[in-house]
Amino acid sequence: MKKQFLFLSLLICSAAFAQDDNAPVDTSWKHLYRAEATKINDLVNTKLDVRFDYSKSYMYGKEWLTVHPHFFPTDSLTLDAKGMNINEVSLFVNGKTTPLKYTYDSMFLRITLNKTYKADENYTVYIDYVSKPDEWKEGGSAAITGAKGLYFINPRGEDKDKPTEIWTQGETEHNSVWMPTIDKPNQKCTDQISMTVPDKYVTLSNGLLVSQKKNTDGTRTDTWKMDMPHSPYLFFMGVGDYSIIKDSYKGKDVAYYVEKEYAPVARGIFGHTPEMIKFYSETLGVDYAWPKYDQIVGRDYVSGAMENTTATLHGEGAYQNARELKDGNDWEDVIAHELFHQWFGDLVTCESWANITVNESFADFSETIWNEYKYGQDKGDEKNYQDMQQYLNSNSANKQLVRFYYADKEDVFDAVSYPKGGRVLNMLRHYLGNDAFYASLHKYLTDNKFKNGEAQQLRLAFESVTGQDLNWYWNEWYYGTGHPILDISYVYDDAAHTAKVIVQQKQTQQIFKMPVSIDIYNGANKVRHQVWIQNPVDTFTFSYVTKPDLINFDGDKILLCEKTDHKTADNFKAQWKYAPLFMDRHEAIQYFADNNMVYDLSLGLNDKYYGIRSFTLDKLKANPAALQNQDILNTVERIAQNDEHNRTKSRAIAMLASTKDLKYKSIYDKAINDSSYSVAGAALQGLTALDSANAYTLAKKYSADAKGDLETAVNDIIISAGDESDYDMVVKKYDALPLGQNKLNLTPAFCNYLSKLNDPQKIKDGIDKVVAFRNAIPQQYWSFTDPAIKAGLQKIAAAKGGGIQAYVDNALK
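Residues numbered from 1 in each chain as written. Predicted model: local features only at pLDDT ≥ 70, side-chain atom pairs only at ≥ 80, totals over all residues. Heavy atoms only, no water.

**Q** Before we go on, may I ask you to explain the overall build of the protein chain in this structure?
**A** Within the protein chain one finds 27 helices and 29 strands. Expected size for 813 residues packed as a compact globule is a radius of gyration near 28 Å; at 29 Å, the protein chain falls within 12% of this value. Overall, the protein chain is about 90 × 75 × 55 Å in size when its C-alpha atoms are taken along their principal axes. Of the accessible surface of the protein chain, which amounts to about 32600 Å², a share of 48% is contributed by carbon and sulfur atoms. The average position of the 90 basic charges and that of the 107 acidic charges among the side chains of the protein chain differ by 2 Å. (Helix = DSSP H or I, 4+ residues; strand = E, 2+ residues; numbered from the N terminus. Rg over C-alpha atoms; globule rule 2.2 N^0.38 Å. Areas by Shrake-Rupley, 256 points an atom, 1.4 Å probe, with all protein chains shown as cover. Lys, Arg positive; Asp, Glu negative; His and termini not counted. Charge placed at Lys NZ, Arg CZ, Asp CG, Glu CD.)

Below you can see the structure in the form of structure tokens.
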């Protein structure tokens, strides 16, 4: 699953998992060991025949569940079955049913079998039931904001701007809302799912579509069959009015299910998938195991995306039109992440949620290696750095990667299991080398395919391949907490011709043992030294003939750590000039910006990689001296007109716009009609900076086709400057924004707009939109998001008073 890290950099990096300090805290979970689920019975096969009642949001199901005892004989079967009506439970033998005794408490279906069955003695239970997902009340999580399992989207067609769809979301243990099963990740079975749907819709499920039958009532029954075992939480059903865009990999179907509007750009969004399958198969030495690979986009999805076996479900954030794709495919990392799960998560599945790292850390890591392969080392290193920062800023240092103690199983889907775990794998790859690393993954996958895995099995695979005892690494990174916080200082003794590198570990958790490369530069000549840090303070002494221009600690910039590096300005100048990696240059640019070294900072404008050019532009824009430097502005003007990367070009335009210099108007006039939304958005900001009185007119002009940065610029202007006549347009734009940072940023301006209105009903309807947005945010984030939202609502109340004040007060109760 690609977790819905809400408000990405803001919530995860600044206030991840924030809690109300005044709320009572239940810590009893700290003493509750979360073991792998005990296996009394093993699933063998699940056969389902289902049809949907769109008017009630019900699903009518018939299930034939084949099971056998795991080892010990048993005369009973307990199934997870949440919120259902159970109509019949029978033993199914040779086409005949015999009623069985059972009890049901809306959570568990406890069945008394007709006899005691022995290990590997299969039996089949038939269940007739009704799933009522909208009536099932269970909390979701920050990663997965719903727990209904089965979702009817606009089932009665009441929203004319939204399609009617059905999709399922099983992780963690939510598929048992729509099918009785043993809903644990350490269960695996084959399946066959028959769905009866209106003939106008298409269906998708795991495995292959083996039959379609048209019925006399205008429906059609599609049967999907999966002959390879997988876990119940990975079962999937999808129904809707989709276009199916077909691709292939080695003769296997690869397809993209999208709304018809997006059919022309489906390959622009998902088209790298066959290449990704090839890259991952060859890198791992394990070819894609499943019979096909489909991807489908669901409206109102409760997370980012989900790796259902052979049938990945994406949230509607995947949808991008042709102009959005001009700025790059923002969903490509998600596509890579979910695909890698088909190996790590689906082929080999975590035995328990405590070991989710063997699913999610690998999928997070896969984004780095895909970017590295497809777009080069700088892009891969930038992705690794961004994910590292997500973890380092998440306040999660007290959590273990393998976590047997947690309040709720949903809690493990966090910045530790994802970005920290991905970096732990990347460090291990660097330490062992690519050949040994991927050979170890090959062994882990082949030894455990179609079964379950845990972190210790992963360690044993690595030890078997490398011949090394790696308990020290697992104990630090998988079973320990925190990360190194390093203070690095340098002492040069020209008389003795020695340099000392002094490394202090300042974290409050464990002291880490880590291999580190230290590169010593004299000009472009580099000598590498391999050392280990393993004490609270380590001192490394190196001899020199000529005093080094640079001593570069962690020469490959691979360590997951926080560091204070006491290099001098001259050291960072040498690092910029000679050290080759993305992070070498990024660190130097950051130092130049922090120390107001404008000339040195401007050198980043000519970097080979657009990510460094963009980073430099952001730093220069915030520097008043740079905005007065004509040489720098001339370079920025060149980038604004000619850079090959649209988002870098847009940053250059935004920097020129901040000067409010009329001479750049011709650049804005041309760029406002650019096919890139980011370029057009920056140009609109430039034009409005020159002519603020005309901003509203310009925003209205370009509002018809506005997404991304252009949409943000248009919304800011219209909501700030609009009047009562713009109400329908303003509310529609605000309501249409997806849950995320942009909507949070826009909320104060939207509330300010509402405070200027005179129609009480319009004001109340607008308040309802803000409150609905607030309520859609998981409550653990409210302590962070509420200040901005409540301030906006109170501004409306203060401006209008009376009934509006009471309406706001009631809404916030």
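**Q** What should I look at first to understand helix α15 (residues 610-621) in this one?
**A** Owing to its 3.6 residues per turn, the α-helix brings residues three or four apart onto one side. Across its 12 residues, α15 extends 16 Å between first and last C-alpha, which sits within 8% of the 16 Å expected from 1.5 Å per residue. For α15, every residue scored as buried is listed here: G611, I612, R613, S614, F615, T616, L617 and L620. (Expected span 1.5 Å × (residues − 1). Buried < 20%, exposed > 50% of the residue type's maximum accessible area, 1.4 Å probe, protein only.)

**Q** I keep staring at the packing of helix α24 (residues 741-755) against helix α26 (residues 782-800) and nothing clicks. Help me out?
**A** Two packed helices can be described by the angle between their axes and the distance between those axes. Between α24 and α26, the least distance of the axes is 8 Å, while the angle of their chain directions is 5 degrees. For the element pair α24 / α26, the angle class is roughly parallel. Every residue of α26 that contacts α24 at L744, T747, P748, C751, N752, L754 and S755 is listed here: T785, A788, I789, G792, L793, K795, I796, A799 and K800. Its residues assigned to classes, the contact of α24 with α26 shows 9 nonpolar, 5 polar and 2 charged. (Axes fitted to C-alpha atoms, helices over the stretch in contact; angles between N-to-C directions. Parallel < 35°, antiparallel > 145°, perpendicular 65-115°, else oblique. Contact = heavy atoms within 4.5 Å. Nonpolar A, V, L, I, M, F, W, Y, C, P; charged D, E, K, R; others polar.)

**Q** Explain the environment of V598 here, please?
**A** Along the chain, the position of V598 falls in helix α14 (residues 598-602). Counting along the chain gives 228 residues from V598 to W370, while the straight-line C-alpha distance between them is 35 Å. Setting aside residues up to four positions removed in sequence, V598 forms contacts with L620, N623, A625, A626 and I632.

**Q** What is the right way to look at the pairing of strand β26 (residues 525-533) in this model?
**A** Consecutive residues of a regular strand have side chains that alternate between opposite faces of the sheet. Bridge count between strand β25 (residues 514-522) and β26: 9 bridges; the pairing is antiparallel. By the bridge assignment for β26, V516 is matched with V531. What sits between β25 and β26 in their antiparallel hairpin is a turn of 2 residues, with G523 showing a positive phi close to 60 degrees. (Pairing = 2+ DSSP bridges.)

**Q** Hey, could you run me through the pattern of salt bridges in this one?
**A** Pairs can form between side chains of opposite charge once their charged atoms are near each other. Enumeration over the complete set of coordinates arrives at 46 salt bridges. Two residues, R423 and D387, come together in a salt bridge whose shortest N-O distance is 3.7 Å. In this pair, R423 is assigned in helix α8 (residues 416-432) and D387 in helix α7 (residues 377-392), connecting sequence segments 36 residues apart. Here D387 falls in the buried class, since its relative accessible area comes to 2%. Salt-bridge contacts for D519 lead to K526; the nearest nitrogen and oxygen are separated by 3.9 Å. Judged by relative accessible area, D519 falls into the buried class, the value being 1%. (Salt bridge = Lys/Arg side-chain N within 4 Å of Asp/Glu carboxyl O.)

Shape descriptors only; they carry no functional weight alone.
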